[in-house]
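Topology and contacts: notes
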Amino acid sequence: MDLEINDVKFKCPTCSKIQQWQDNCQLCGSDVSILHNLAIKYKKLQKLLRINLRNGNFIAAYNIAQQITNIAPTKLNKKIKQFIKTKLFLNSKYKIQNSELSTD
Ligand SMILES: [Zn+2]
């Protein structure tokens, strides 16, 4: 079962108070709705990435990994994107080799 974003605590970028997701910070009142929406989008993209990887849709997975890396350029996200890129490259090499074999 996936963890919902509303169950995860976050740190207010203004005052650093750790709290549950809300549209406004409980301590300083900063509007964090944009951050909340971005976190929801990030979680949805991660779920979509897993589905596409599981189904072998590596082109779609690469595009999603690109979006994830744009939101959060962490080492792990960059490694995942690179892994998918390598997988796409190897798949294209494999297809070229197979098509060369079939024409002989
Ligand atoms: Zn705050």
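The structure under discussion appears in the preceding block.
As the structure is a computational prediction, the values presented were derived from the model and not from experiment. (Residues numbered from 1 in each chain as written. Predicted model: local features only at pLDDT ≥ 70, side-chain atom pairs only at ≥ 80, totals over all residues.)

The next thing to look at is the overall build of the protein chain. For the protein chain, the helix and strand inventory stands at three helices and two strands. Taken from N to C terminus, the helices and strands of the protein chain fall in the order β-β-α-α-α. Relative to the compact-globule value of 13 Å for 104 residues, the protein chain shows a C-alpha radius of gyration of 19 Å, a clear excess of over 25%. Considering the protein chain as a whole, with its 104 residues, one finds that 11% of them fall into the buried category. Pairs at least 24 apart in sequence give 19% of the contacts found in the protein chain among residues at least 6 apart. (Helix = DSSP H or I, 4+ residues; strand = E, 2+ residues; numbered from the N terminus. Rg over C-alpha atoms; globule rule 2.2 N^0.38 Å. Buried ≥ 20, exposed ≤ 12 C-beta atoms within 10 Å, placed from the backbone. Contact = placed C-beta atoms within 7 Å.)

The subject of this paragraph is the packing of helix α1 (residues 33–54) against helix α2 (residues 58–71). Interaxial distance between α1 and α2 falls to 9 Å at its minimum, and their mutual angle equals 155°. Classified by the interaxial angle, the pair formed by α1 and α2 is roughly antiparallel. Here the hand of the crossing between α1 and α2 comes out left-handed. Counted together, Leu38, Tyr42, Leu45, Gln46, Leu48, Leu49, Asn52 and Leu53 of α1 and Ala60, Ala61, Ile64, Ala65, Gln67, Ile68 and Ile71 of α2 form the full contact between these two elements. Among the residues forming the contact of α1 with α2, the class breakdown is 12 nonpolar, three polar and no charged. (Axes fitted to C-alpha atoms, helices over the stretch in contact; angles between N-to-C directions. Parallel < 35°, antiparallel > 145°, perpendicular 65-115°, else oblique. Left-handed = near helix turned anticlockwise from the far one by under 90°. Nonpolar A, V, L, I, M, F, W, Y, C, P; charged D, E, K, R; others polar.)

At Ser16, a position not held by glycine, the phi torsion is positive, near 70°. Assignment of secondary structure puts Ser16 in the loop between β1 (9–11) and β2 (18–20).

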